[in-house]
Amino acid sequence: MNNQNFFNIKIAGCERTLPLCSVSDKLKIAAFIMFGDVEITEKSACELLKICPDFDILVTAESKGIPLCYEMARQSGKNYIVARKSAKLYMKSPISVDVKSITTANIQKLYLAEEEIKKIKNKRILLVDDVISTGKSIAALEELVTKANGKIVGKACVLAEGDACRRNDIIFLEKLPVFPIE
C-alpha cells in the first residue's frame, strides 16, 4: 500500500510501512525509525556486515543510527564509538565539526573526546548511519574521524534516500525514494 501518507518497503527481509512526513512545502520523506525495532536492526546489521569491508572500529553520530551501530559491533565483536552532539563535562580535549542534516532545523556539532581520538588514530573505521540522504551528516562524521587520524574504509547505511542511491562511495541495503509535493 503506497499512497500519499505511507510508503511500503522491504529491508533485510522485513516488510515495513513508513509514514510520509513533510520536510518542506515541496518535499516529503518516508520516516524510517530503527529505535525499538529489534528485528530490522538485527537483520540489517547482519546483511550490512556481509557486504562491508573489514574494519577495526565502527563510528556513528549520536542519532537514530546508534542501534544499528551497536548491533553491528555486537555481531562483529568489534567496538564502536558515538560522536556526541554536545561536549560533555567528562570529555577531555574534544574536537568538533559542524553538521546540518535534512531532518534537523539548525546547524549542530559532532564531538569526539581525547580518549576516543586515541582509539581511532590509525585504525580502519567503518562509518554507520541509518539513512544517508543529502550526505551532510556522514560527511561531517567523515571529517571528524579524519581529524582524529582514523582511516575510513567504508560508509554504511540501511537506506540510501533520494539521489544518495546513485553514490558509489556508500554501502546500503535499499533505495528509499523521496516524494515531491505537487
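Here, the structure is the one placed above.
A few points on the structure. (Residues numbered from 1 in each chain as written. Predicted model: local features only at pLDDT ≥ 70, side-chain atom pairs only at ≥ 80, totals over all residues. Heavy atoms only, no water.)

A separate point is the nonpolar core. Counting 29 residues, the largest nonpolar core has Phe 32, Leu 48, Met 72 and Val 158 as its most contacted members. Secondary-structure elements contributing two or more residues to this core are β1 (6–11), β2 (14–24), α1 (38–51), α2 (66–76), β8 (124–132), β9 (151–161) and β10 (171–176). Leaving out residues up to four positions away in the same chain, Leu 48 has contacts with Leu 68, Met 72, Ala 156, Cys 157, Val 158, Ile 171, Phe 172 and Leu 173. Counting residues in each nonpolar core, the second largest holds 24 residues, with Ile 57, Val 99, Leu 110 and Ile 120 among its members. (Core = buried A, V, L, I, M, F, W, Y, C linked by side-chain atoms within 4.5 Å. Buried < 20%, exposed > 50% of the residue type's maximum accessible area, 1.4 Å probe, protein only. Helix = DSSP H or I, 4+ residues; strand = E, 2+ residues; numbered from the N terminus. Contact = heavy atoms within 4.5 Å.)

Glancing now at α2. Restricting attention to buried positions, one finds in α2 the residues Pro 67, Leu 68, Cys 69, Glu 71, Met 72 and Ala 73. Looking at the buried residues of α2, the elements they touch are α1, β4 (57–61), β5 (79–83), β8 and β9. The positive-phi residue at the C-terminal boundary of α2 is Gly 77, with phi of around 75 degrees.

Within a sheet, each strand pairs with its neighbour through backbone hydrogen bonds, oriented either parallel or antiparallel. Across the sheet, four strands lie side by side as β1-β2-β3-β11; this open sheet has antiparallel pairing. Bordering the open sheet on either side are β1 and β11 (179–180), each of which pairs with just one other strand. Summarising the sheet, β2 and strand β3 (residues 27–30) pair through four bridges and their orientation is antiparallel. In the sheet register, Cys 21 faces β3, and the bridge partner there is Ile 29. (Pairing = 2+ DSSP bridges.)

Here the focus is the packing of aromatic side chains. Within this structure, the stated rule accounts for two aromatic pairs. A ring pair is formed by Tyr 70 and Tyr 80, whose centres lie 6.0 Å apart and whose planes are at 80 degrees; its orientation type is edge-to-face. Of this pair, Tyr 70 sits in helix α2 while Tyr 80 sits in strand β5, placing them ten residues apart in sequence. When its relative accessible area of 41% is taken as the criterion, Tyr 70 is described as partly exposed. Just above the ring of Phe 55 sits the side chain of Lys 78; from NZ or CZ to the centre is 4.7 Å. (Phe/Tyr/Trp six-rings, centres within 6.5 Å; stacked < 30°, edge-to-face > 60°. Lys NZ or Arg CZ within 6 Å of the ring centre and 35° of its normal.)

What follows is about the layout of surface pockets. Approximately 250 Å³ is the volume attributed to the second largest pocket. Residue lining of the second largest pocket: 14 residues in total, with Ala 113, Glu 114, Glu 115, Glu 116 and Lys 119 positioned closest to the centre. Looking at the lining of the second largest pocket, the elements that each hand over two or more residues are β5 and α3 (114–120). (1 Å grid on protein atoms, 1.4 Å probe; cavity = no way out; pocket = protein on both sides within 12 Å on 5 of 7 lines; lining within 4 Å. Points joined across faces, edges and corners; volume = space filled by probe spheres on them.)

Treat this as a map of the structure, not an account of what it does.
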